[in-house]
Amino acid sequence: CMRACARATPLASATSARGGGKNSRAGTTKTRAMATVTVKEVATTPIEGQKTGTSGLRKKAAVFSEGNYLANWVQSLFSALPRDDVEGSSMVLGGDGRWFNKEASQIILKLAAGNGVKKMYVGRDGYLCTPAASAVIRAREAVGGFIMSASHNPGGPTEDWGIKFNYSSGEPAPEKITDAIYGFTQTVDTLKMADIPDVDLSVCGVTKFGDFEVEVIDPVDDYLKLLKQVFDFDLIKSLLTRADFKMQFDAMHAITGAYAKPIFVDVLGADANSVVNGVPKEDFAGGHPDPNLTYAEELVKVMYSADAPDFGAASDGDGDRNMILGNNFFVTPSDSVAIIAANAVDCIPYFKSGLKGLARSMPTAAALDRVAAGLGVECFETPTGWKFFGNLMDAGRLSVCGEESFGTGADHVREKDGPWAVLAWLSILAYRNEDVPVGGEKVGVEQITKEHWAKYGRNFFSRYDYEGCESDPCNAMVESLRAKAAAAKKGDKYGDYELDFADDFEYTDPIDGSVAKKQGVRFVFTDGSRFIFRLSGTGSSGATVRMYIEQYEADPAKQGADAQDALAPLIAIALETSQLAKFTGRESPTVIT
Ligand code: G16
């Protein structure tokens, strides 16, 4: 579907100015000639608070769509990147299809052209799920890419919007870049906007403006090609086409709707009804596209019914998170990554020569560490945020990693990958059921998980989220926890638990030596049990407190307990130590995982 459309904008004859430059009012412009595309220098003024969080900049959509809010950040990004990286480069643009992405795409394209980018690859309709964006950056050898998404946060004019930049290996920009962007947002005074018309993003093809070109690409192609290299599609197809196997994938009206039918149904032969909520909507149909037990309630209801499918999965707004369910059974993300890692070499061709290493974020339960020990490979404990895995992958020391926040992935891309996690589980199920005749006793998600616990032990885990709190009392609570951790001593008693150590997690990147401080206050006990508190870095307003609880159980007779029951004493201790109710006024969490 190539539509070559060469439209060279005429050279502007002069570098005329109408009040542009440093001290001029926002909104006035001056033009200057640049190759064959005219670049306007639009005056702007810095906007407060454009600091990147755990994953990009996230704010209310109304904030982003107002004035130069987005343009200021994007211009600051171009100013922060080395000139040689930007000039003449290729970049990628896509997003989760939420409200304002269409307008934002046009703003970003004009700024890209104005700042010297030569070529932009854009997913059709502005669509690219986050892992696909990472795949496209790598496949097209782009210098980086923009992902327009506030991830699992709701979308629409009154909800959230977000943007992040991934660098040339396809990974979220490291903090040294995001810090530099923030620096420029505090002084930005000029936007370099190419004077080009809006580009039709609804049709694949190339549009040229002088030296600058925009190529609209199919959002699925590069990514699907990569997934076919990673997995044994014939093996997965043998499972999905069995008459006695049923799956349900819930795209939550978000971006994986654009991927689920082409991949699961069209290529892998799943029944068309196995994809639900599969059409991406700008407001996610009013839903909260966060695949957890609270927000993916439609899927949870089906998977906990009498007639439940064998396998259930959901993904989030931008397709990087995943939730895995079996028939009346939930797999915690911490267990999920451990089980995938334990089975990867047998079931997934990409890993057939072995795993280089494993990694999890600090609050993620340590089930993965036990698999790493069993396999004899390194296991890294990083701060929350996928960006911390990238260096390890680039250095060839990490194959599979995951986070308790429903993120699972591998080094085929540099993002967590929802569809990949689903295909990984389907690969394990297909492998385990290869010799089971149709109508026979199939091996299910629950059996695979329980066998894993029996072999490695079970790391009971739960996370409590207190969403939409006021920021100041939450900050005060974290400060008080820091003080308590600093004063705590090895051997201190917390109920039946004996303290091993307490600290505020700090990470030194083993590859580049960069240090990330204040990444979560943790109290770790001598039996490996832990509780951890940190504030979310992905909200768009207010504060969200996350409390993480973990306890190891080696005895198979006790592994079947409900996690909330098994963890109740430690939860009570964590709530008491933190004085959470007193600080936040909250008696109960908004989400329990
Ligand atoms: C982002 C990051 C993840 C992180 C998650 C939760 O995910 O990419 O690495 O674990 O946020 O972060 P926080 O606890 O700070 O809210 P996503 O899916 O929102 O991009």
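Report follows, based on the coordinates. Computed from a prediction, not measured in an experiment: that's the story for all the values here.

Definitions and limits used
- Residues numbered from 1 in each chain as written.
- Predicted model: local features only at pLDDT ≥ 70, side-chain atom pairs only at ≥ 80, totals over all residues.
- Heavy atoms only, no water.
- Helix = DSSP H or I, 4+ residues; strand = E, 2+ residues; numbered from the N terminus.
- Rg over C-alpha atoms; globule rule 2.2 N^0.38 Å.
- Buried < 20%, exposed > 50% of the residue type's maximum accessible area, 1.4 Å probe, protein only.
- Lys, Arg positive; Asp, Glu negative; His and termini not counted.
- Charge placed at Lys NZ, Arg CZ, Asp CG, Glu CD.
- Contact = heavy atoms within 4.5 Å.
- Polar contact = N/O pair within 3.5 Å; in protein donor to acceptor, adjacent residues only side chain to side chain.
- Near = heavy atom within 4 Å.
- Nonpolar A, V, L, I, M, F, W, Y, C, P; charged D, E, K, R; others polar.
- Pairing = 2+ DSSP bridges.
- Right-handed = clockwise from strand over helix to strand, strands pointing away.
- 1 Å grid on protein atoms, 1.4 Å probe; cavity = no way out; pocket = protein on both sides within 12 Å on 5 of 7 lines; lining within 4 Å.
- Points joined across faces, edges and corners; volume = space filled by probe spheres on them.
- Axes fitted to C-alpha atoms, helices over the stretch in contact; angles between N-to-C directions.
- Parallel < 35°, antiparallel > 145°, perpendicular 65-115°, else oblique.

Across its full length, the chain holds 18 helices and 29 strands. Taken over C-alpha atoms, the radius of gyration comes to 24 Å for the chain, in line with the 25 Å a tight globule of 593 residues would show. For the C-alpha atoms alone, the extent of the chain along its principal axes is close to 80 × 60 × 40 Å. Relative to its full complement of 593 residues, the chain shows a buried share of 59%. Seen as two clouds, the 62 positive and the 79 negative side-chain charges of the chain have centres 5 Å apart.

Time to look at the environment of Thr544. Mapped onto the secondary structure, Thr544 falls in strand β28 (residues 543–553). Residues Thr544 and Gly183, 361 residues apart in the sequence, show an inter-C-alpha distance of 26 Å. With residues near it in sequence (within four places) discarded, Thr544 still touches Asp465, Tyr466, Glu467, Gly468, Arg534, Leu535 and Ser536.

Checked against the element boundaries, Glu404 lands in the loop between β19 (400–403) and β20 (407–410). At a separation of 2.9 Å, a polar atom in the side chain of Glu404 contacts the side chain of Arg463.

Moving on: the site of the ligand. Around the ligand lies a shell of 19 residues, among which Glu403, Arg534, Ser536, Gly537 and Thr538 are the nearest. Contact distances for the ligand include 3.1 Å between an oxygen atom and a side-chain N or O atom of His152. Tallied by class, the residues present in the shell around the ligand amount to one nonpolar, ten polar and eight charged.

Turning next to the pairing of strand β6 (residues 119–127). For β6, the buried fraction is high: seven of the nine residues fall into the buried class. Of the pairings in the sheet, the one linking strand β5 (residues 90–95) to β6 comprises five bridges and is parallel in character. Paired with Leu93 across the strands is Val122, a residue of β6. Of the crossover connections in this fold, the one passing from β5 over helix α4 (residues 101–114) to the parallel β6 is right-handed. Direction of pairing for β6 relative to strand β11 (residues 212–217): parallel, over a ladder of five bridges. Looking at β11, one finds that Tyr121 is bridged to Glu215.

Let us look at unusual backbone geometry. Positive phi, close to 50°, is recorded for Asn277, a residue that is not glycine. Here Asn277 shows up in the loop between β13 (275–276) and α10 (297–303).

Right, let's get into the layout of surface pockets. The computed volume of the second largest pocket comes to approximately 400 Å³. Lining of the second largest pocket is provided by 19 residues; of these, Tyr304, Phe330, Arg458, Asp562 and Ala563 occupy positions nearest its centre. For the lining of the second largest pocket, the per-class residue count stands at nine nonpolar, six polar and four charged.

Following both chains from N to C, one finds helix α14 (residues 418–432) and helix α15 (residues 445–456) inclined at 90°, their axes separated by 11 Å at the closest point. Here α14 is positioned roughly perpendicular relative to α15, judged by the angle of their axes. Every residue of α15 that contacts α14 at Trp425, Ile428, Leu429 and Arg432 is listed here: Val445, Gln447, Ile448, Thr449 and Glu451. Taken together, the residues that form the contact of α14 with α15 break down as five nonpolar, two polar and two charged.

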